[in-house]
Structures are given as structure tokens and as C-alpha cells.
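# Secondary and tertiary structure notes
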Amino acid sequence: MQRHFISVAAAAATLAFASSPARAVSDAELADIRGQLQQVKEQYQSRLDALEKRLADAEARAARAEEKAGRAEATAATATQAETHARGAASAFNPEVSLILQGTYSNLSQDPGTYEITGFIPSGGEIGPPPRSFSVGESELVISASVDPWFRGQFTAALTPENEVEVEEAFIQTLALGHGFGLKAGRFFSGIGYINEQHPHSWDFVDAPLAQRAFLGGSNYGDDGVQLKWLAPAPFFLELGAEAGRGKDFPGSDRDKNGINSSAFFVHVGGDAGASHSWRAGLSYLRSTPVDRGYEDLDSTGVPVANAFSGSSKLLIADLVWKWAPNGDPRDRNFKLQGEYYRRKESGTLSFDTLDLSGFGSQSGGYDAEQSGWYLQGVYQFMPRWRVGLRYDRLDSGDVTNDMVLFNTGGLTAADFPGLAPHDPDRLTAMLDYSFSEFSRLRLQYARDDARLNAGDDQFFVQYIMSLGAHGAHKW
Amino acid sequence: MVGGVGCRFALALALLILPGPAAAALGIFACEPEWGALARELGGDRVSVYEATTALQDPHRIEARPSLIARARGADLVMCTGAELESGWLPLVLRESGNARVQPGRPGYFEAARFVPLQEKPLRLDRSEGDIHAGGNPHIQGDPRNIGAVASALGQRLAEIDPPNAAFYRERARDFEARWSAALQRWQARGAPLRGVPVVLQHRDPYLAGWLDLRVVGVLEPRPGMEATTAHLAALAASLEQEPARMVLRPAYQPDRASRWLAERAKLPVVVLPFTVGGNERARDLFSLYDDTLDRLLAALKP
């Protein structure tokens, strides 16, 4: 009798174990199960006899088998409950939503309305610091989800410093191309450089590097277009990418023209060096063909004029990021070194006073400029929650040939292009931040910004960045 | 000349893209060491396992490093805990990998937590409760009985994605389950003296406590994923005077400040548990992981 019981228990347990997982069980449940097993045994005596032969070795394992049977049953019950619950909730299909709330208090020694990066054709974008006093610029709403097994979609809306809502990203991407290929279409941040693809809330400083502002027109360069990436089947990271777009934003301009108005190519290489170090290096190229890309300046008498550039703009970016964390665990301490070098060549035609505001007539002439810039920054988390960072920015206005000045066209001199005066802007930034949790951060930042010619700006910021909702994954 | 370079480049590229001779082993990308160890147990020499994290890393806090993306590209199976443990990096790694086989929902994507009942499902989903996981506590490897359940599911999955070796995986799974059952029985007997022993945990671990029937009288993390504050530690020390504990348990990858402070204050031994395979020198595989865990707990019981 006892032997029969043991065999039955073992048989039932083995069957249950083969199909489903297990968990602990109380004595009462065990007794109940024993009763059920007894019934099963009576009903299926003949079949169990056959099983008994196959399970001759089961005796030794009988004790734990009883327990397993109970656990398996409990699991089955839990699983059924969970399924029922999930099926009832149609809202479970709602996309992931995350909201970034960002607020800044700025104290600036110079009027942010006069901000310019002297020596570089202004982009017309948000290149300056946030307004004085309190502001909530760059708060973001991100909505994303899988569309079906083949596509995923993402939508990002951001609050600009001008208090407008701007669609920063609205793209779909493929999930099932395979062979290392990924295709994106819509509006997205370009994969060129390193910081360009990072959303402002994951930056290590309040503002973008000067070079990013001078050459890519503000915080992130994005375009409406398509991107194809291919990851090589290598033991290290090797990624190639190409983008084609409308080129509507600086350094391009919206052109009402069929076809591709801007194109970008990039290659990224990366890997680990031991458990504690990881790195990524990249080389990127962006080509735009702006037509009448306007900007504002003053003439030599101080009258505001509207100028414009048409031609080709080619930008090369080299980037390097190196991260260190003891044993690869960044929670306690970690260090991040990041640097990018930008070099841009623009050649075409510059037009002066396109609206003839000065009354002396519009002029235009050849324009060639080869300009560069770089930044290097280090951020060190010296203990949990606390980080310090230092960044140095430098730009070189380089060689600029402005034929109107060169040939004194219409009497124009260099004084009629004060915004393009030769200047090597630089900026030194220090920051300290504290993270209450993975989802909230408070930051202090001081910068001495010499972007304007002869007008150094002492900038002091207090910033909070909080993230609500879905736990998004950040780009490395 | 230029054409020649171009040709050679195209050839090199083609060599990179085209699959070489049939891959010898099934590539497995294991998010945590315990799943890497389990994959080796079931796959033997038919699989080649890459472990994305080590026992000294917090799998919740690591980043989507380029090396991980590169490794996920060639994987036939991505095996992770799930239950949002890897939500800060895995979704990005999978998307960027350009590997269709291992996307969520495909047979090449395996979440261990789906095969065990999760504990501590939060009743209220709000981050004021800390870094909680909607599906429940994801640290399921605290209870070796969960490993058995996952092993059975993994054996089936391996057979599904690598049909030519299906019989091999099924046989290895059966063999592993038999050895695991014997080990469970042995551990159950050895762990009997730990039943009802009052302990303080560093990190909420209902699985280990449930398996050994430990009585949890305090947790150092005031909320999941949040470091202990001095106020919380002081309150905990005070409550331990009313309800004393026998030991403080800390996983090897967690910082030791809070547990050391409390242990000195309350004069308790700190038991540093391997938490996963590779957590210390003895915990080299799944069997020695729980052997070592029990040894350390039992040693701390001795006066």
C-alpha cells in the first residue's frame, strides 16, 4: 500500500514537473493533494501499474516529489489567474509613456537675447542659454511601443524655451530585418557624432557643447528622412549608418525640392577593455545643400539686416567616449570621458541685406569657410548619487573668404558683418549633481562662456530633471 | 588602383556578411550568470554562452554598452530574468542588435521569470514605493526550486530552436532535473536548522527566505533599489533590540556600508552570499552556488 502511494505520488509529480514550474506549499495543501492522489490512484490503477515499472527508481525520490506535485499545482493556479487578469485589461496595450520634467533657474551676467557665437553664421536655432530666472524648457513627453512583430514606433514632444511644443521625434523602426540591419523612417535625431543622439535630459551638463550649437544649430540635429544602419557580425561593435533627408534644418534649409537634400554617413566602433572599461569611437559626415539659409546681423551703422547663405555645407565629426566603472558596476563610482571634434566646410554665395533694410541695395558674393571646434568633458561619480563634471569647449572661426568684403562690393567692409568677425570662442563649465534615485536629479552648474566677442558671460544654473512613467532604456 | 582597393573592400565586406561554415554551437546571450550556468548545464558543448553581466554587477544598473549590442547580434537565444530586471538596457540592446531572432515574442527570446510564480507583486504601482517591478520581485534565483522550473522550460526551448539537437537537450534536461532534485533534497535536509531563524536582509529576497523558511525581521534597503538612509538604519537598529536577529545577509555585489554599520551596532555577523554563480570563488556552478550559500548561513548559526 505504502509503496503504491509513493509510486503514484512520484508519477504524478514527475508528470506535473515536466509541464509546469513549482512553488512552496502548506501542510494543509499537501494533505489535500495526498487525498486527490489517492483518488487518482484508485481510478487509474492499471495505468499506474505500468508507470510503476518505469519509475522503479522513484522510491528514493518520493519525499521531495510529493512537495513538487503540490508546488506545480499552485503554480498552475497562479498562472491561470494572471492570464485571466491580463486578458481583461485592454488598456494593457497602451504604449509606454514617459514624461521628463525639467526646470532650470538661470543667473546670467549678459542678456541672453544678445547671445551669439561670434565668427560663425548663426543657425537661428536655440543656441543660447535658457532665459534668466525660472524656465521649464526641454521638458519632454515620450510615447513608444511595438507596432507589431515587425515595427516599433516612438513619438517625442518637447517644450521649447519659447514655450512652444515641438515634435522632436516621430519615427518608426524595423525590428525584424535581421542580419544586423535596422531601418528608421520619420523624424529622428541623426546618428552622427555622439551627443547628437542623446536626449537633453540624459546630458551630463545643462546645455549642449558650443560646437554642437555652432555646427548643428542648437541641441540635437534631427531631420525628416530615413536611416539605414548595419551592425557587422564581429565580436566587437562595428556599426555603419547612412541617412537621407529633407535637410529642412540648419545646416540645411527647407527647399521645396524633390529628392534628397541632406545626407549623412557614420561609422561607430566600440567594445570593452576588461570588465571595467568600455569605449566607443565614431566618424561621421553630414552634407547639406542650403538655399537662402537666412540669418540676422547688423550692418556697420548698426541697422539690423537679413543675410542669407546658399551653397554646400559639409561637416565631419570625430567622437570618442570612454567609460570606467570598477568591475563594470557603475552604481558606486564611475567615470566618463567624452570628446568630439567638428570640422565644417561651407562654400557658396553669401547675400547681404536681402530685404534691403539699409537702403543701399542687396549685395551678394562668394563665401568659403573652413571652421572647426571641439569639446572634452569628464564626469566622475565619486560616491553613490554624487557626480562632478568639467567641460572645456573651444571653437576656431578658421579661414573665411567673404568676397563682398574682399572686393569691397557695394562699399561693404568687414564691419558690415560683425557676426562673422574672426573669433575663437571658448567656454569652461563645471557641474555638480545629485540623484535622489534613478529617476530624479538635481544639478548645479557654473560656466564662463566666451562665445560672444569681448563679452564674457558668467552663467549659473540650478536644474532638476525628473522622469515619470515607463522606465526607458538610455543610449550608452 | 582605386578600383582595386574598392574591389578588395567589397570582398572583405562580403566575407564579413556572408555566413561562414555552419556555426558549430548555438549562441546563447545570458543576461545573468545563473542563466549562463544553466544554459551550459543543458547545452553542454552544443552551445556557446556569453554572459552579459558578472556576479559583481547589479543587473538592474548596467548600461547598453556597444559590446553587449555586438554580442546580441549573433545570438540564437537571449536568456534573461525578465520581470523588468533588465529594462534599463536590454530593450535597447535588442533593438540595436539588428537580430530578428531574439526580439521579444520570438522563440529566441527567453524570460526565466515567466516560468516561476513571482513574489512581492506590488499592490500599488507608484515609484514613491521605490524601484518596484510591476511583475513582482525579479531575483528568482534565491530559491533553487525556481531553477528546476526554469530548467525544464529551457530544455524545451532549446529543443525548439535547435531541432537537430532536440534529443540531446531533452536528455541533458532530464539528467539535470534528476541531479537537481537530489540536490534539492540534500539542501532541504541541511537547511533544516535555519527554519524560522530571524535575519536582516540587505535587499528584499522573498525567494531565499521562502525556500529556507527564514524569518525576515528587517531589510536594509528602505525601498527596493534605494540605498539605506541613516534614519532608516537607526530605526532598524532600534527595532532589532525588540526583535533580535541572528545575522545580516548581503549579496556579494551590493555595497557593504549599511550592513557593516548595522552589524557593528547590533553585534551581528554579516553573511556575504554569492547571490549568483561567480559571486565568490566557491560558487562556480549552480550546485556549488547553493552549497556555498547553505555553508555560509549554517556557519553563521554556530555560536
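Residues numbered from 1 in each chain as written. Chains lettered and ligands numbered in written order. Predicted model: local features only at pLDDT ≥ 70, side-chain atom pairs only at ≥ 80, totals over all residues.

### Things to note about the overall build of chain A
Each helix and strand counted, chain A has six helices and 18 strands in total. Buried residues in chain A amount to 39% of all 476 residues. Expressed as a percentage of contacts within chain A between residues at least 6 apart in sequence, the contacts between residues at least 24 apart total 65%. (Helix = DSSP H or I, 4+ residues; strand = E, 2+ residues; numbered from the N terminus. Buried ≥ 20, exposed ≤ 12 C-beta atoms within 10 Å, placed from the backbone. Contact = placed C-beta atoms within 7 Å.)

### Some thoughts on the overall build of chain B
Secondary structure summary: chain B contains ten helices and eight strands in total. When its C-alpha atoms are laid out on the principal axes, chain B stretches across 80 × 45 × 35 Å. Expressed as a percentage of its 303 residues, the buried residues of chain B come to 48%. Put simply, 62% of the contacts in chain B that link residues at least 6 apart link residues at least 24 apart.

### Notes on the nonpolar core
Ranked by size, the top nonpolar core spans 85 residues in total, and within it Ile-28, Leu-38, Val-78 and Met-79 of chain B carry the most contacts. Examining the composition of this core, we find that six residues originate from one element, helix 5 (residues 144-161) of chain B, more than from any other. Grouped together as the second largest cluster of nonpolar side chains are 34 residues, Ile-192, Tyr-367, Trp-374 and Val-405 of chain A included. (Core = buried A, V, L, I, M, F, W, Y, C linked by C-beta atoms within 7 Å.)

### Observations concerning the sheet that holds strand 6 (residues 215-219) of chain B
All names here are of chain B. Pairing is parallel in the open sheet, where four strands are placed in the order 6-5-7-8. Edge positions in the sheet fall to strand 6 and strand 8 (270-273), since each of these pairs with one other strand and no more. With direction set aside, neighbouring strand axes in the sheet form an average angle of 30°. Inspection of the sheet shows strand 7 (residues 247-251) paired to strand 8 by four bridges, in the parallel sense. When the bridges of strand 8 are listed, Pro-251 appears paired with Leu-273. Those strands touched by helix 9 (residues 257-266) are strand 5 (198-201), strand 7 and strand 8, and its axis lies near 170° from that of strand 7. (Pairing = 2+ DSSP bridges. Axes fitted to C-alpha atoms, helices over the stretch in contact; angles between N-to-C directions.)

### Points about the interface of chain B and chain A
Taken together, the contacts link 47 residues of chain B with 48 residues of chain A. Of the residues assigned to the side of chain B that touches chain A, the class counts are 19 nonpolar, 17 polar and eleven charged. (Nonpolar A, V, L, I, M, F, W, Y, C, P; charged D, E, K, R; others polar.)

### Structural notes on the confidence of the model for chain A
Residue and element names in this part refer to chain A. Per-chain confidence: chain A averages 85 in pLDDT, with 82% of residues scoring 70 or above. Per-residue pLDDT stays below 50 along residues 1-24; that stretch engages in 61 contacts with residues further than four places along the chain or on separate chains. Throughout residues 56-88 the model reports pLDDT below 50, and contacts reaching past four residues in sequence, or to other chains, amount to 55 contacts. (pLDDT = per-residue confidence, 0-100.)

### Some remarks on the pairing of strand 9 (residues 262-273) of chain A
Note on strand geometry: in a regular strand, side chains alternate between the two faces of the sheet. Residue and element names in this part refer to chain A. Bridge count between strand 8 (residues 237-245) and strand 9: nine bridges; the pairing is antiparallel. Its bridge partner being in strand 9, Glu-239 is matched across the sheet by His-268. Pairing analysis gives twelve bridges linking strand 9 to strand 10 (residues 277-288), with the strands arranged antiparallel. Within strand 10, the position partnered with Gly-270 by the bridge is Arg-280. In textbook terms, the turn of a hairpin is the stretch between consecutive antiparallel strands, and for strand 9 and strand 10 this stretch comprises three residues, one of which, Gly-274, has a positive phi near 70°.

### Observations regarding the packing of helix 2 (residues 33-43) of chain B against helix 5 of chain B
For any two helices packed against each other, one specifies the inter-axial angle together with the distance between the axes. All names here are of chain B. Here helix 2 crosses helix 5 at 55°, and the two axes come no closer than 10 Å. By the criterion of interaxial angle, the relationship of helix 2 to helix 5 is oblique. Judged by the sense of rotation from one axis to the other, the crossing of helix 2 with helix 5 is right-handed. Between helix 2 and helix 5, the contacting residues are Leu-38, Leu-42 and Gly-43 on the first element and Ile-147, Val-150, Ala-151, Leu-154, Gly-155 and Leu-158 on the second. Here the contact of helix 2 with helix 5 is composed, by residue class, of seven nonpolar, two polar and no charged. (Parallel < 35°, antiparallel > 145°, perpendicular 65-115°, else oblique. Left-handed = near helix turned anticlockwise from the far one by under 90°.)

### So, the packing of helix 2 of chain B against helix 6 (residues 166-190) of chain B
Residues and elements named next belong to chain B. Running from N to C, helix 2 and helix 6 point in directions that differ by 115°, and their axes come no closer than 7 Å. Relative to helix 6, helix 2 is oriented roughly perpendicular. Each of Glu-41, Leu-42 and Gly-43 in helix 2 lies in contact with helix 6, whose residues at this interface are Tyr-169, Arg-172, Ala-173 and Phe-176. Taken together, the residues of the contact of helix 2 with helix 6 sort by class into four nonpolar, one polar and two charged.

### Quick word on the confidence of the model for chain B
All names here are of chain B. Averaged over every residue, the pLDDT of chain B is 89; residues scoring 70 or more account for 92%. Counted against residues more than four places away or in other chains, residues 17-22, with its pLDDT under 50, gives zero contacts. For this predicted complex, the interface confidence score (ipTM) comes to 0.86, while the overall pTM stands at 0.83.

### So, the sheet that holds strand 3 (residues 77-80) of chain B
Residues and elements named next belong to chain B. Strand order in this open sheet of four strands is 2-1-3-4, and the pairing throughout is parallel. With one partner strand each, in any of the chains shown, strand 2 (47-51) and strand 4 (109-111) form the two edges of the open sheet. Averaged over neighbouring strand pairs, the angle between their axes works out to 20° when direction is ignored. Strand direction decides the pairing type here: strand 1 (residues 26-30) and strand 2, joined by five bridges, are parallel. By the bridge assignment, Gly-27 is partnered in strand 2 with Ser-48. The strands touched by helix 2 are strand 1, strand 2 and strand 3; relative to strand 2, the strand with the most contacts, the crossing angle is about 175°.

### So, unusual backbone geometry
Across the junction of Phe-250 of chain A and Pro-251 of chain A, the peptide omega takes the value 10°, indicating a cis bond. With respect to the element layout, Pro-251 of chain A can be found in the loop between strand 8 and strand 9. The phi angle at Ala-83 of chain B is positive, at roughly 50°, despite the residue not being glycine. Examined against the element boundaries, Ala-83 of chain B turns out to sit in the loop between strand 3 and helix 4 (90-97). With 22 C-beta atoms counted inside 10 Å, the residue Ala-83 of chain B sits in the buried group. The backbone phi angle of Lys-267 of chain B is positive, close to 55°, even though this residue is not glycine. The exposure class assigned to Lys-267 of chain B is exposed, which follows from the 8 C-beta atoms found within 10 Å.

### Describing the environment of Phe-382 of chain A
Residues and elements named next belong to chain A. Considering the arrangement of structural elements, one finds Phe-382 in strand 14 (residues 363-383). Remark: the alpha-carbon pair of Phe-382 and Phe-335, spanning 47 residues in sequence, is separated by 8.4 Å. Once residues lying within four places of it in the same chain are set aside, the contact partners of Phe-382 are Arg-333 and Val-388.

### Regarding helix 6 of chain B
Taking 1.5 Å of rise per residue, 25 residues should cover 36 Å, and helix 6 of chain B covers 35 Å from first to last C-alpha, within 8% of that figure. The set of residues buried in helix 6 of chain B consists of Tyr-169, Ala-173, Phe-176, Trp-180, Ser-181 and Leu-184 of chain B. (Expected span 1.5 Å × (residues − 1).)

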